Amino acid sequence: MWYLYGIALLAGVANAIEPGQNATLAKVTGQPMLAGLFCSGLAMLCLIGAMVVTGRLDRPSAEKVASVSWWAWPGGILGAAVVLAQLYVAQSVGAAPFLGCVITAGVVGSIALDHYGLVGFDRHRASPWRIAGGVLMVGGVALMAVF
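This is a predicted model, so every value here is computed, not measured.

Draft legend 1. Spotlight on the overall build of the protein. Of the regular secondary structure elements, the protein holds seven helices and zero strands. Within the span of the protein, comprising 147 residues, buried residues form 15% of the whole. Entry remark: accessible area of the protein is about 11,000 Å², with carbon and sulfur atoms responsible for 73%.

Listed below in structure tokens is the structure:
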């Protein structure tokens, strides 16, 4: 299972690079929404390619689709909000503060999601150590933003 951490680290590097790519595309073209559409369309093509390569093109049954909780469906809206933030905020505040805010807000929010077992996550108590880690991340983002 150690390789999963490697994949997560690579995703983190990609997460650091993507806002600059998307914001540059928006700035140079002068069309942030069109840049967002291009980025999302390219992501969709990559996912389709991954489905073809892995042979996972099967459609779920109607019963499986009907059993999905209502809150699982609008995830694409949240993804679009992330892309819009990249397009409009990242270059103004800088890569480190932007990504620091995104990741820190994600970690702090995830502590709550884990603690209460929300949106499909198993429950993991918000221990003092987890809370301290979140507080330290907030402090780190503040240092990046100020200096």
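Draft legend 2. Representation of a nonpolar patch on the surface. Nonpolar side chains collect at one region of the surface, where Phe38, Leu42, Met44, Leu45, Ile48, Met51, Val52 and Leu57 lie side by side and expose about 790 Å² of accessible area between them. Positionally, leucine 57 belongs in the loop between helix 2 (32-54) and helix 3 (62-66).

Draft legend 3. Quick peek at the packing of aromatic side chains. Counted by the stated rule, this structure contains one aromatic pair. Measuring from centroid to centroid gives 6.5 Å for tryptophan 2 and tyrosine 3, while their planes differ by 85°, and the two rings are edge-to-face. On the accessibility criterion, tryptophan 2 (71% relative accessible area) is exposed. Residue classification places tyrosine 3 among the partly exposed positions, given a relative accessible area of 44%.

Draft legend 4. Main features of helix 2. For helix 2, built from 23 residues, the straight-helix expectation of 33 Å at 1.5 Å per residue is met to within 8% by its first-to-last C-alpha distance of 33 Å. When helix 2 is considered as a whole, its buried residues turn out to be Ala35, Gly36 and Cys39. Of the surrounding secondary structure, the elements contacted by the buried residues of helix 2 are helix 1 (2-29) and helix 4 (75-88). Backbone geometry just after helix 2 places glycine 55 at a positive phi near 70°.

What counts and how
Residues numbered from 1 in each chain as written. Predicted model: local features only at pLDDT ≥ 70, side-chain atom pairs only at ≥ 80, totals over all residues. Heavy atoms only, no water. Helix = DSSP H or I, 4+ residues; strand = E, 2+ residues; numbered from the N terminus. Buried < 20%, exposed > 50% of the residue type's maximum accessible area, 1.4 Å probe, protein only. Areas by Shrake-Rupley, 256 points an atom, 1.4 Å probe, with all protein chains shown as cover. Patch = residues over 30% accessible without salt bridge, like charges linked within 9 Å, V, L, I, M, F, W, Y side chains within 5 Å. Salt bridge = Lys/Arg side-chain N within 4 Å of Asp/Glu carboxyl O. Phe/Tyr/Trp six-rings, centres within 6.5 Å; stacked < 30°, edge-to-face > 60°. Expected span 1.5 Å × (residues − 1). Contact = heavy atoms within 4.5 Å.

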